[in-house]
Amino acid sequence: MYGGGYIFEETKNGHSEKDDEKKLEQFEAKIAAGEKIEPSEWMPAEYRKQLIRMIEQHAHSEIIGALPEGTWITRAPGFRRKLALMAKVQDEVGHAQLLYSAAETLGKPREEMINDLITGKSKYSNVFNYPAKTWADTAVIAWLIDAGAIINQVANSKGSYGPYCRALERICLEESFHLKYGHDNVVFLATGTPKQREMVQEALIRWWPPIMHFFGPSDKISVHTETLMRWKVKMASNDDMRQKFLDMYVPKIWDLGLTIPDPKLKKNEETGKWDYTEPDWDEFKRVINGDGPCNKERLAVRRRAEEKGEWVRNALQRPTEKYTIPLA
Amino acid sequence: MSIKSLDPRVTRENLPEQPNTESIKDLHQWQTYEVFHQVKKGDHHIHVGPVHAPNPDMALILAKEQYARRYKCVNLWVVKTADIKKTDYEDEDIFETNQEKMYREAGGYKVMERINKFKAEHKNK
């Protein structure tokens, strides 16, 4: 479960001129009444476009997100942890399949999305462009990145597009062990030997900036998303989700006696919100546009996997089989 | 020069450092199958989502992996998406019950008033 910090394009007046005013009215009324929109129903072109973009980014994030953690499968400390990490990584890839299917119902075939990922055209969650330097990094990812993703996904599962909500529900169900598994790993290291504590502290220092980036740019500088909020594509603002995450997890991190590398981080008694050092959004932009420590590696690995699987797909290919968009 | 990774398996792949932006040559647009699972014997099969597969046998294998990896499932069905005939949400009104068709609803039959009247009349006799 890795979705978060989606990059939206600015919507112009909420709809394109081609859209039928009356249909748009009915569409918005349905959403306001809490109804779900299904694939074959009328929807504004802009809604379709933004949804494809968001669900596709989410799917790619699951696929690419499996890579930093996967780094340590072969060197996991102990057989049980190795099995658990493999199961988690398999889940993430399975979640990508569910999400690709949900996005496909909007008219973009899965293979086209995979192609757009490999050629660098599509985005995915920025955090996965950072390396998992040690085993402790995988523990911090599994606990805190998954926690951030859960906050985002629970909000999104109450959105307006039926297939996406259903995929998210299943994802959330399967997800329950990831967070526990990550927490267990962090607690084990944090309550272990001085060396283990040092490892997890260093991993936290490395991962804190990406975690703060995870929910996307501050509301002050991000593109206007009022229309997307009204259409229940985006369910909460980036800053609200970040605040929720801090509320839930900062105390848990402090409980373990770990230091968060932000001297300004504290709950403001007056506003009831967390004060923190503004994350470096220039770095965020630079990394998301391709110049992060692992961007090249992630895409090259994904491309190689695609190439290596080609003979299997060719062997199974039936020339008479025709592709149909799934119903989801 | 190839990519040096923290993951020795990745380093061994000798991946080029220069990003390749070529498209995949052959898009494998496999057929999609819709998957139905049964949680326990006696229950209805419920639609859970699609899989991409080149044939029904592979569809079942992938469906098991995708939709029955966790939680209980005793049986799976797969059916080609293209073989499903469906109604349109635009025609939702075809399911609405007409007021004059109350004769086919349980609520269209109200007898208590007559029974009570009958009872009252016979009590007095």
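Look up: the structure comes first, before these words.
One structure accompanies this document, and this report is about it. (Residues numbered from 1 in each chain as written. Chains lettered and ligands numbered in written order. Predicted model: local features only at pLDDT ≥ 70, side-chain atom pairs only at ≥ 80, totals over all residues. Heavy atoms only, no water.)

**Points about the packing of helix α6 (residues 162-190) of chain A against helix α7 (residues 194-213) of chain A**
All names here are of chain A. Taken N-terminus to C-terminus, the directions of α6 and α7 make an angle of 130 degrees; their axes are 7 Å apart at the nearest point. The pairing of α6 with α7 is recorded here as oblique in orientation. Judged by residue contacts, V186, F188, L189 and A190 of α6 engage Q196, R197 and V200 from α7. A per-class count over the contact of α6 with α7 returns 5 nonpolar, 1 polar and 1 charged. (Axes fitted to C-alpha atoms, helices over the stretch in contact; angles between N-to-C directions. Helix = DSSP H or I, 4+ residues; strand = E, 2+ residues; numbered from the N terminus. Parallel < 35°, antiparallel > 145°, perpendicular 65-115°, else oblique. Contact = heavy atoms within 4.5 Å. Nonpolar A, V, L, I, M, F, W, Y, C, P; charged D, E, K, R; others polar.)

**Some details on the packing of helix α3 (residues 79-104) of chain A against α6 of chain A**
Residues and elements named next belong to chain A. The contact between α3 and α6 brings their axes to 10 Å, and the two run at 160 degrees. Between α3 and α6, the angle is such that the two are roughly antiparallel. As α3 packs across α6, the resulting crossing turns out to be left-handed. Grouping the amino acids of the contact of α3 with α6 by side-chain chemistry returns 14 nonpolar, 3 polar and 8 charged. (Left-handed = near helix turned anticlockwise from the far one by under 90°.)

**Some thoughts on α6 of chain A**
With 29 residues, α6 of chain A ought to run about 42 Å at 1.5 Å a step, and its terminal C-alpha atoms sit 41 Å apart, in line with that. The largest bend along α6 of chain A measures about 45 degrees and falls at E174 of chain A. (Expected span 1.5 Å × (residues − 1). Bend = angle between axes of the 7 residues up to and from the residue.)

**Section: the side chain of H178 of chain A**
Along the chain, H178 of chain A falls in helix α6. At a separation of 2.8 Å, a polar atom in the side chain of H178 of chain A contacts the side chain of D91 of chain A. (Polar contact = N/O pair within 3.5 Å; in protein donor to acceptor, adjacent residues only side chain to side chain.)

**Concerning the pattern of salt bridges**
One pass over the full model with this rule turns up 27 salt bridges over all chains. K108 of chain A is the partner of D116 of chain A in a salt bridge, and the nearest nitrogen-oxygen pair spans 2.7 Å. Assessed through its relative accessible area of 15%, K108 of chain A is described here as buried. If you follow the salt bridges from partner to partner, you end up with D91, R170 and E174 of chain A together with R69 and R70 of chain B in one network. (Salt bridge = Lys/Arg side-chain N within 4 Å of Asp/Glu carboxyl O. Buried < 20%, exposed > 50% of the residue type's maximum accessible area, 1.4 Å probe, protein only.)

**What about the nonpolar core?**
Counting residues in hydrophobic clusters, the biggest one holds 93 residues, and the most contacted among them are Y47, I55, L144, Y161, W208, F245 and L246 of chain A. For this core, the element with the most residues is helix α5 (residues 135-156) of chain A, which contributes 12 residues. Those residues in contact with I55 of chain A that sit more than four places away from it in its chain are L99, A102, A103, L106, Y161 and Y164 of chain A. The next biggest cluster of nonpolar side chains, apart from the first, holds 5 residues, and it includes A300 and V301 of chain A together with I3 and L15 of chain B. (Core = buried A, V, L, I, M, F, W, Y, C linked by side-chain atoms within 4.5 Å.)

**Looking at the environment of S176 of chain A**
Note on placement: S176 of chain A falls in helix α6. With 66 residues separating them along the chain, S176 of chain A and R242 of chain A place their C-alpha atoms 21 Å apart.

**Some details on the interface of chain A and chain B**
On the side of chain B, 50 residues touch chain A, which itself brings 54 residues to the contact. For the pair chain A and chain B, the summed buried area comes to about 4,600 Å², and 53% of that belongs to carbon and sulfur atoms. For the chain A face of the interface with chain B, the top three residues by lost area are R170, E321 and L327 of chain A, together amounting to 13%. Summed over the shared surface of chain A and chain B, the result is 5 salt bridges. Its salt-bridge partner being R69 of chain B, residue D91 of chain A comes within 2.8 Å of it at the nearest N-O pair. For the pair chain A and chain B, the number of links is 21 residue pairs in polar contact (both at pLDDT 80 or more). Elements supplying a minimum of two residues to the side of chain A that touches chain B: α3, α4 (110-118), α6, α11 (295-308) and α12 (310-316) of chain A. At 9 residues, the largest contribution of residues to the side of chain A that touches chain B is made by α3 of chain A. Partitioning the side of chain A that touches chain B into residue classes produces 18 nonpolar, 15 polar and 21 charged. (Buried area = accessible area lost by both parts, 1.4 Å probe.)

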